[in-house]
Amino acid sequence: MQPIRVAALALGLALPAPADAAEVAFPTGWRDWKHVKSMVIEPGHPLYEAFGGIHHIYADSRAVEGYRTGSFPDGAVIVFDLLEAERANDAVVEGPRKVLGVMRKDGRAFAATGGWGFEGFAAGDPNRRVVGSQAAEACFGCHAGQAASDYVFSRLRE
C-alpha cells in the first residue's frame, strides 16, 4: 500500500477510491430516453424468483447507437426498470418498482466485466445500491453468454 494512503487511512482521512473501484451512477432523465422494449416474466420462467415482473428497457443516445451498430461505445447507459406485475380486472398493470438496474459502458474501468459496469438500485432509490462490488457474480455471470451482442440481452425495437 502506498505510504500516503496508509497515513490517510491511519488518520481516518478520505481519499478517492482506487481506479478499479469505479461505480455506476444513478441515471437522471432516463424516462425520457429511447424505450427499447418491455416484457413480463411470469411464474414458471427460470428467472422469475429474481426478475419476475414487468421490465422496461431504456437507452441513452450512445446506447441507441450501440444497439444499431452492435458495438456499444464508452459512455453508453442502459436502464432496466423492473416493476411488480399486478393482475386485476383481466389486465396486467405496473405495481411498485422492485429495482432499477443500470449498465454503463466503460471499457477501461470495467474491463473485467466485458467493459460494462452494473448496478441495481432497490425500489429505484439512488441511495440503496444492491450490486456494488458483486457485479461479476450478480450480473456479468449471466451477461457473459451475450458476448456476440456486446453483453446486452435486449434488442432495439424500432
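A. Examining the pattern of salt bridges more closely. Enumeration according to the criterion identifies 9 salt bridges in this entry. With a closest N to O distance of 2.8 Å, E42 and R87 form a salt bridge. Taken together, the residues E42 in the loop between β1 (34–41) and α2 (48–51) and R87 in strand β3 (residues 77–88) connect sequence positions 45 residues apart. Among the residues examined, E42 registers a relative accessible area of 40% and is labelled partly exposed. Relative accessible area serves as the criterion here: at 48%, R87 is assigned to the partly exposed category. Its salt-bridge partner being R129, residue E119 comes within 3.1 Å of it at the nearest N-O pair. A residue pair is termed long-range when its members are at least 10 positions apart, and E119 in strand β5 (residues 116–122) and R129 in the loop between β5 and α4 (135–143) qualify at 10 residues. By relative accessible area, R129 is classed as partly exposed at 35%.

B. Spotlight on the nonpolar core. Ranked by size, the top nonpolar core spans 21 residues in total, and within it Y67, F72, I78, W116, F118 and V152 carry the most contacts. Of all the elements in the fold, those that place two or more residues in this core are β2 (53–59), α3 (61–69), β3, β4 (91–105), β5 and α4. Filtering out sequence-adjacent residues up to four positions away, W116 remains in contact with F72, A76, I78, M103, R104, K105, F110, D150, Y151 and V152. Within the second largest apolar cluster, 9 residues are counted, among which are W30, V77, V79 and V102.

C. Local environment of the layout of surface pockets. In this structure, the largest pocket encloses a volume near 760 Å³. Lining the largest pocket are 29 residues, with F51, H55, F80, H143 and F153 positioned closest to its centre. Elements that contribute at least two residues to the lining of the largest pocket include exactly β1, α2, β2, β3, β4, β5 and α4.

D. Just the sheet that holds β4, in detail. Strand order in the open sheet formed by 5 strands is β1-β2-β3-β4-β5, with antiparallel pairing between adjacent strands. Of all strands in the sheet, those with a lone pairing partner are β1 and β5, marking the two edges. Direction aside, neighbouring strands of the sheet carry axes that sit 25° apart on average. Inspection of the sheet shows β1 paired to β2 by 7 bridges, in the antiparallel sense. Within the sheet, the bridge partner assigned to H35 lies in β2 and is Y58. Packing of α3 onto the sheet brings it into contact with β1, β2 and β3, and relative to β2 it is tilted by some 95°.

E. The pairing of β3, seen in detail. As paired elements, β2 and β3 share 6 bridges and run antiparallel to each other. Directly across from A59, in β3, lies its bridge partner I78. Summarising the sheet, β3 and β4 pair through 11 bridges and their orientation is antiparallel. Its bridge partner lying in β4, A85 is registered against E94. What sits between β3 and β4 in their antiparallel hairpin is a turn of 2 residues, with N89 showing a positive phi close to 55°.

Rules used throughout
- Residues numbered from 1 in each chain as written.
- Predicted model: local features only at pLDDT ≥ 70, side-chain atom pairs only at ≥ 80, totals over all residues.
- Heavy atoms only, no water.
- Salt bridge = Lys/Arg side-chain N within 4 Å of Asp/Glu carboxyl O.
- Helix = DSSP H or I, 4+ residues; strand = E, 2+ residues; numbered from the N terminus.
- Buried < 20%, exposed > 50% of the residue type's maximum accessible area, 1.4 Å probe, protein only.
- Core = buried A, V, L, I, M, F, W, Y, C linked by side-chain atoms within 4.5 Å.
- Contact = heavy atoms within 4.5 Å.
- 1 Å grid on protein atoms, 1.4 Å probe; cavity = no way out; pocket = protein on both sides within 12 Å on 5 of 7 lines; lining within 4 Å.
- Points joined across faces, edges and corners; volume = space filled by probe spheres on them.
- Pairing = 2+ DSSP bridges.
- Axes fitted to C-alpha atoms, helices over the stretch in contact; angles between N-to-C directions.

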